[in-house]
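Below are the chains, spelled out letter by letter.
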Amino acid sequence: MKTSTLTLCLILTLAAGCSIPNHKPYAERPVTDVLDAATVAKDTRQDALPGLLRDAPAPELDAWWKAFADEPLNRLLAKAYAANRNLAAARANLAAARATWRYQEGALWPQADLGADVSRNRTSHYGRAGYDRYSNYTLNASARWELDLFGKNTYLIDAAEAEAQASEADLKAMWVAVSADLATYYVELRTLQGRLMVAQDNLRLQQDNYDLLADRHASGLTTALVLSQAEYDLHNTAATIPALKAQITAAEDAIALLCGVAPGTLPPEIVDIPDFMATQAQPGDARDEGGRKAIGLRPTAIPAAKDLNLDDGIPANAIRRRPDVYASERRLKAATDTLGSAKAERYPTVYISGNFGLDSVHLGDLFDWDSHVYGIGPGVTLPIFHGGQIVANIDIRTEQQKAALADYEHTVISALADIRDALSGCTQERQRLSELRQGVRAAQDAYEIAGNSYDAGIGDFFDLLDAQRQVLSLDDARVTSEGEIAKQQIALYRALCGGWQGQENEDTPNALFGEAAPEEPLLAPLVQP
């Protein structure tokens with residue numbers, strides 16, 4: 001017993017005397033350092049976008065969709081939160097990553113096993129012991145404890161923890177993507193419905209014009225050329241309607257997929273054109289001062305929100321809190337820890353093992369005290385030759401760490417680009433919409449002037465048709481622009497990663513959706529390692 005104790009002490013002393021692996025601890029690289037290193041020159045143009053604010057707080061964007069004040073959109077998002085399949089997969093991946101973390105932690109604890117064995121044996125007639133036949137009964141308990149003196153397992157545990165944190169960020173990033181995509185498709189649906197109404201208004205007006213011209217042509221009051229021109233416009237407008245309806249179906253199906261429901265089963269409040277749009281005065285009912293049908297600037301159901309104010313600059317904290325940036329940073333941490341574990345494989349493995357059991361050739365004697373056997377003692381293994389595998393593994397992990405660093409830096413730079421693109425899109429599309437609205441009003445005036453001239457017999461009907469065409473073309477562009485502004489606002493919320501910032505729990509649905517919250521959200525397990 002004294003010899004075993006001395007041996008154990010000697011092994012531990014030698015192991016402790018070995019140099020600790022030369023592995024540089026992980027140090028987080030702030031997003032501002034990444035952006036500073038990637039900055040070439042400062043944008044000094046007069047219309048340049050706001051720059052980066054280092055210490056400004058990020059805007060609070062939990063449940064950002066409420067800014068649109070659109071109840072059907074809120075209900076769709078609540079449904080997607082509970083039933084979207086990609087979110088369900090992300091929750092399962094998070095649960096698996098947390099379980100992997102717990103699994104890896106087990107490497108620091110002693111491992112114990114219990115076994116039993118029964119065998120029937122026969123020896124050779126010509127063997128040294130001679131011929132014999134006998135049974136053997138064994139009951140054995142064994143244990144082994146590896147002392148993590150050089151951090152090989154500790155590094156792997158830290159890597160698993162970082163991967164679990166990255167998976168949690170992936171879940172949040174998935175919700176950011178799902179909510180933004182769903183809101184975008186919803187805006188697309190309302191935009192297409194508005195464009196369809198404009199096209200149908202146009203078609204009715206052109207049909208009335210064609211019927212009027214057909215009567216005048218039959219009476220010899222107009223030429224066949226004018227009639228053909230009106231017919232051309234009529235068919236050209238009619239041809240746009242099937243394409244719009246096909247796009248509407250595609251938008252509806254995309255919404256259904258994001259909500260986790262079968263396409264074609266969305267409720268009427270989503271797929272039907274809102275009542276206030278469908279019941280607007282038809283062109284045949286509204287007329288201008290000259291008695292012609294009023295056209296242009298039809299109201300739509302496209303949701304709109306007040307633009308975020310980032311005039312002072314883009315907060316660095318808005319980039320730092322993005323879940324994709326955090327996930328990338330955590331994976332860099334995991335790669336660094338995995339490299340540390342690979343380097344630790346160059347050093348001795350020290351362990352203590354033991355066993356205790358019962359062994360007998362007679363079952364009746366198995367539990368007799370004289371049948372017991374045992375063994376206990378320390379051990380150490382030192383890698384001498386592994387065909388270069390240990391060095392190669394270190395090289396692998398080193399390159400993976402470099403790749404993780406490059407991915408992190410790219411994610412940070414891309415995040416800034418996303419914010420700038422969305423911010424510019426909102427600003428420029430607002431200006432475009434303003435010009436389009438003025439253009440529609442100007443075209444309406446031209447349409448009225450051309451109509452009055454034609455009615456007075458001093459104008460050309462082609463001028464009237466052209467003015468009408470311009471009104472409806474500009475109005476279609478105006479509706480598209482209104483939808484594009486909403487999409488750019490959503491893109492900005494997405495770039496700033498609005499959604500929810502805390503850990504998902506039972507109260508999250510109510511906080512996000514209020515009365516529209518799903519009753520049974522598919523929450524990730526909340527058990528922490």
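Residues numbered from 1 in each chain as written. Predicted model: local features only at pLDDT ≥ 70, side-chain atom pairs only at ≥ 80, totals over all residues. Heavy atoms only, no water.

For clarity, the cut-off: UniProt positions are given in the numbering used here, feature names are shortened, and annotations may be inferred rather than shown by experiment.
Per an unreviewed UniProt entry, the recorded name for the protein chain is TolC family protein, and the organism is Candidatus Spyradenecus faecavium. Under the UniProt heading Sequence similarities (unreviewed entry), the note attached to the protein chain is "Belongs to the outer membrane factor (OMF) (TC 1.B.17) family."

## As for the environment of Tyr137
Let me state the cut-off plainly: Strands are runs of DSSP state E lasting at least 2 residues, helices are runs of H or I lasting at least 4, and numbering of each runs from the N terminus. Burial status follows relative accessibility: with a 1.4 Å probe on protein chains alone, a residue under 20% of its type maximum counts as buried, one over 50% as exposed, and anything between as partly exposed. Contacts are residue-level and defined by heavy atoms, with any inter-residue pair within 4.5 Å sufficient.
Tracing the backbone through its elements, the reader meets Tyr137 in strand 3 (residues 132-147). On the basis of relative accessibility, which here comes to 18%, the residue Tyr137 falls in the buried class. C-alpha of Tyr137 to C-alpha of His362: the two residues are 225 residues apart in sequence and 7.0 Å apart in space. Excluding anything up to four places from it in sequence, Tyr137 contacts Asp117, Val118, Leu358, Asp359, Ser360, Val361, His362, Leu363 and Leu366.

## Some words on unusual backbone geometry
Notably, Ala69 is not glycine yet its phi reads approximately 50°, a positive angle. Looking at the secondary structure, you find Ala69 in the loop between strand 1 (52-53) and helix 3 (71-83).

## Notes on the pairing of strand 2 (residues 111-123)
Stated formally: For two strands to count as paired, DSSP must find a minimum of two bridges between them.
In terms of residue burial, strand 2 counts as a barely covered element, since only zero of its 13 residues are buried. The pairing of strand 2 with strand 3 spans 13 bridges and is antiparallel. Bridge pairing in strand 3 links Gln111 to Arg144.

## Things to note about the confidence of the model for the protein chain
Our working definition: The predictor reports its confidence for every residue as pLDDT, a score running from 0 up to 100.
Per-residue pLDDT for the protein chain has a mean of 83; in total, 86% of the residues score no lower than 70. For the stretch residues 281-291, pLDDT sits under 50, and the model shows 22 contacts to residues farther than four places along the chain or on other chains. Segment residues 520-529 is flagged for pLDDT under 50; beyond a separation of four residues in sequence, or across chains, it makes 30 contacts in the model.

## Let's talk about the pattern of salt bridges
Spelled out, the test is: Throughout this description, the term salt bridge denotes a Lys or Arg side-chain nitrogen within 4 Å of a carboxyl oxygen of Asp or Glu.
Here the structure, examined in full by the defined rule, presents 21 salt bridges. A salt bridge links Arg75 to Glu71; its shortest N-O distance comes to 3.7 Å. Residue Arg75 and its partner Glu71 are both found in helix 3; the two are separated by four residues, about one turn of the helix. When its relative accessible area of 45% is taken as the criterion, Arg75 is described as partly exposed. Arg432 is paired through a salt bridge with Glu429; the nearest N and O atoms lie 2.9 Å apart. Taken together, the residues Arg432 and Glu429, both in helix 11 (residues 389-455) and three residues apart, mark about one turn of the helix. Among the residues examined, Arg432 registers a relative accessible area of 38% and is labelled partly exposed.

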